[in-house]
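Tertiary structure, described
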Amino acid sequence: MKVPTYEAQLQRSRQGQGQFLTAQISASAMAAPGRAYAEAGQQTGQVARELSEFFMKKAEIGAKSEASAAASKMQLELAELKDDALRNPNMSQAEEQYRRQSQIIVEKYKTSMSNTLARRAFGSAAVKAQTKGLLSFLKQNNARVVEAAKANLAETVQQDVNVASDPDQSVTARRESFVNALIDIQTSEPDLGAEEVQKRIEKLYEDTAQSTLLNQVNRPDADAAAIATAFRNGTSTDPMIQAVRGNLSAIQIDAIATAIEKTAARNAKRDNDARKSDDAANKENDKEIALQILFGDAPQQD
């Protein structure tokens, strides 16, 4: 007869042992540490990426700030360079001076940048600032070129007009001077433009006519009214007057003749006033002479 108690104990012992072994080889329990390590690795990697992005962004911001500060200082130097170059009376040399010195200024600030990011950021800002500065300089310098060309042309043309409008000069000399002035104006079109050239040609005809008439009117014993009338009617005996009159409109002819008449009237008034003044002075002098004859010299005062 078997002892029940022993069999029951044996069965309990096997049951408990089976359950213990089952718990030890559970798949989920064995995988848990691996998942924890993996998750920790992912979090570490994310933090590392965020830190890397932060430091990169920080470096970019610092580089841009450094480049911006340098660009601001560079612009001030470029402005000073522009003012200095524009004081150079030789416009061609001024442009060469600005181009050369501006590049030196840019390179100076570029090499002062602390790192590659700053140099890259400065390079972009420098190109914009340098281009803007150059365009501003060229605009003002070219304006100086045009103004200088206008002034030089006006002086040259006036010298030719003085000869062309002088009745005491030979007809050949007067004609050559006028033609020279006309050619100088026409060849200045690249600098002045077609519209400005046309205005100056019209002014050349007007100035030559008016200057010639004034020279005639200012001659001793000249009949200003007759001179103005002859110009209006196209019957002047002066060859230069007749030559330029054909290129003037009726309005221009009337304006020039009217100006000559007004000038003649002012001259006549001036001469008349001068004669009256001389007459009054002569009368006063005659009176003093008569008194001296009658009464002798005035007594001297003690």
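Because the structure is predicted, anything quoted here is derived from the model rather than measured.

Remarks on the overall build of the chain
Looking only at helices and strands, one finds ten helices and zero strands in the chain. The helix and strand sequence of the chain, counted from the amino end, reads α-α-α-α-α-α-α-α-α-α. Within the span of the chain, comprising 302 residues, buried residues form 24% of the whole. Within the chain, contacts between residues separated by at least 24 positions form 68% of all contacts whose residues are at least 6 apart in sequence. Working note: accessible area of the chain is about 20800 Å², and carbon and sulfur atoms make up 54% of it.

Some points on the confidence of the model for the chain
Caution applies to low-pLDDT parts of the model: their predicted coordinates are not meant to be read in detail. Residues at a pLDDT of 70 or more form 72% of the chain, whose mean pLDDT is 81. Within the chain, no element has a lower average pLDDT than helix H1 (residues 4-24), which sits at 49, and none a higher one than helix H5 (residues 171-186), at 96. In this model, residues 6-10 is a region of pLDDT below 50 whose contacts with residues beyond four sequence positions or in other chains number zero contacts.

Some details on the side chain of Asn141
Mapped onto the secondary structure, Asn141 falls in helix H4 (residues 116-164). Residue classification places Asn141 among the buried residues on the basis of a relative accessible area of 1%. The residues contacting Asn141, other than those within four sequence positions of it, are Leu86, Met91, Ala94 and Glu95.

A word on the side chain of Arg200
In this fold, Arg200 is placed in helix H7 (residues 194-217). In terms of polar contacts, Arg200 uses its side chain to reach the side chain of Glu196, at 2.9 Å. Ignoring anything within four residues of it in the chain, the contact list for Arg200 reads Lys150, Leu153, Ala154, Ile185 and Leu192.

What about unusual backbone geometry?
Even without glycine at this site, Asp221 takes up a positive phi of about 60°. Within the secondary structure layout, Asp221 lies in the loop between H7 and helix H8 (224-233).

Considerations on the packing of aromatic side chains
If you walk through the whole model with that rule in mind, you get two aromatic pairs. Measuring from ring centre to ring centre gives 5.4 Å for Phe178 and Tyr205, while their planes differ by 45°; the resulting arrangement is tilted. Here Phe178, found in helix H5, pairs with Tyr205, found in helix H7; they are 27 residues apart in sequence, far enough to count as distant. Considered together, Phe178 and Tyr205 belong to a single accessibility category, that of buried residues.

A word on the packing of H7 against H8
The geometry of H7 relative to H8 is characterised by a closest axis approach of 9 Å and an angle of 155° between their N-to-C directions. Relative to H8, H7 is oriented roughly antiparallel. In terms of crossing hand, the pair formed by H7 and H8 is right-handed. Here H7 contributes Ala209, Leu213, Gln216 and Val217 to the contact with H8, which in turn contributes Ala224, Ile227 and Phe231. The class makeup of the residues in the contact of H7 with H8 is six nonpolar, one polar and no charged.

Topic: the pattern of salt bridges
Where charged atoms from two side chains of opposite charge approach closely, those side chains can pair. Summed over the entire model, instances satisfying the criterion amount to twelve salt bridges. Of the charged contacts in the structure, one is a salt bridge between Arg100 and Glu96, with a shortest N-O distance of 3.9 Å. Remark: Glu96 and Arg100 occur in helix H3 (residues 91-111); sequence separation between them is four residues, near one turn of the helix. Bridged by salt links that share partners, the residues Arg232, Asp254 and Glu261 form one connected network.

Concerning H4
Because the α-helix completes a turn every 3.6 residues, residues three or four places apart line up on one side. Here H4 is 49 residues long and its end C-alpha atoms lie 70 Å apart, about the 72 Å a rise of 1.5 Å per residue gives. Between the side-chain oxygen at the start of H4 and the backbone nitrogen of Leu117 there is a gap of 3.1 Å, and the oxygen is on Asn115.

Brief notes about H8
Of the residues making up H8, those classed as buried are Ala224, Ile227, Ala228, Ala230 and Phe231. On an axial view of H8, the arc spanned by its buried residues comes to 160°, and they lie on one face. Following H8 by one or two positions, Gly234 has its phi on the positive side, about 75°.

Observations concerning the nonpolar core
Counting 29 residues, the largest nonpolar core has Leu204 and Phe231 as its most contacted members. For this core, the elements supplying multiple residues, two or more each, are H4, H5, H7, H8, helix H9 (239-245) and helix H10 (250-295). Beyond its immediate stretch of four places on either side in the chain, Phe231 contacts Ala209, Leu213, Ile241, Arg245, Leu248, Ile253, Ile256 and Ala257. Core analysis: the next-biggest nonpolar cluster, separate from the first, contains 21 residues, Ala70, Leu78, Tyr98 and Tyr109 among them.

Digging into the packing of H4 against H7
As a packed pair, H4 and H7 sit with axes 10 Å apart at the nearest point and diverge in direction by 30°. The orientation of H4 relative to H7 falls into the category roughly parallel. For the pair H4 and H7, the sense of crossing is right-handed. Here H4 contributes Lys150, Leu153, Ala154, Val157, Val161 and Ala164 to the contact with H7, which in turn contributes Glu196, Arg200, Leu204, Asp207, Thr208, Ser211 and Thr212. Tallied by class, the residues present in the contact of H4 with H7 amount to six nonpolar, three polar and four charged.

Rules behind the numbers
- Residues numbered from 1 in each chain as written.
- Predicted model: local features only at pLDDT ≥ 70, side-chain atom pairs only at ≥ 80, totals over all residues.
- Heavy atoms only, no water.
- Helix = DSSP H or I, 4+ residues; strand = E, 2+ residues; numbered from the N terminus.
- Buried < 20%, exposed > 50% of the residue type's maximum accessible area, 1.4 Å probe, protein only.
- Contact = heavy atoms within 4.5 Å.
- Areas by Shrake-Rupley, 256 points an atom, 1.4 Å probe, with all protein chains shown as cover.
- pLDDT = per-residue confidence, 0-100.
- Polar contact = N/O pair within 3.5 Å; in protein donor to acceptor, adjacent residues only side chain to side chain.
- Phe/Tyr/Trp six-rings, centres within 6.5 Å; stacked < 30°, edge-to-face > 60°.
- Axes fitted to C-alpha atoms, helices over the stretch in contact; angles between N-to-C directions.
- Parallel < 35°, antiparallel > 145°, perpendicular 65-115°, else oblique.
- Left-handed = near helix turned anticlockwise from the far one by under 90°.
- Nonpolar A, V, L, I, M, F, W, Y, C, P; charged D, E, K, R; others polar.
- Salt bridge = Lys/Arg side-chain N within 4 Å of Asp/Glu carboxyl O.
- Expected span 1.5 Å × (residues − 1).
- Arc of directions from axis to C-beta.
- Core = buried A, V, L, I, M, F, W, Y, C linked by side-chain atoms within 4.5 Å.

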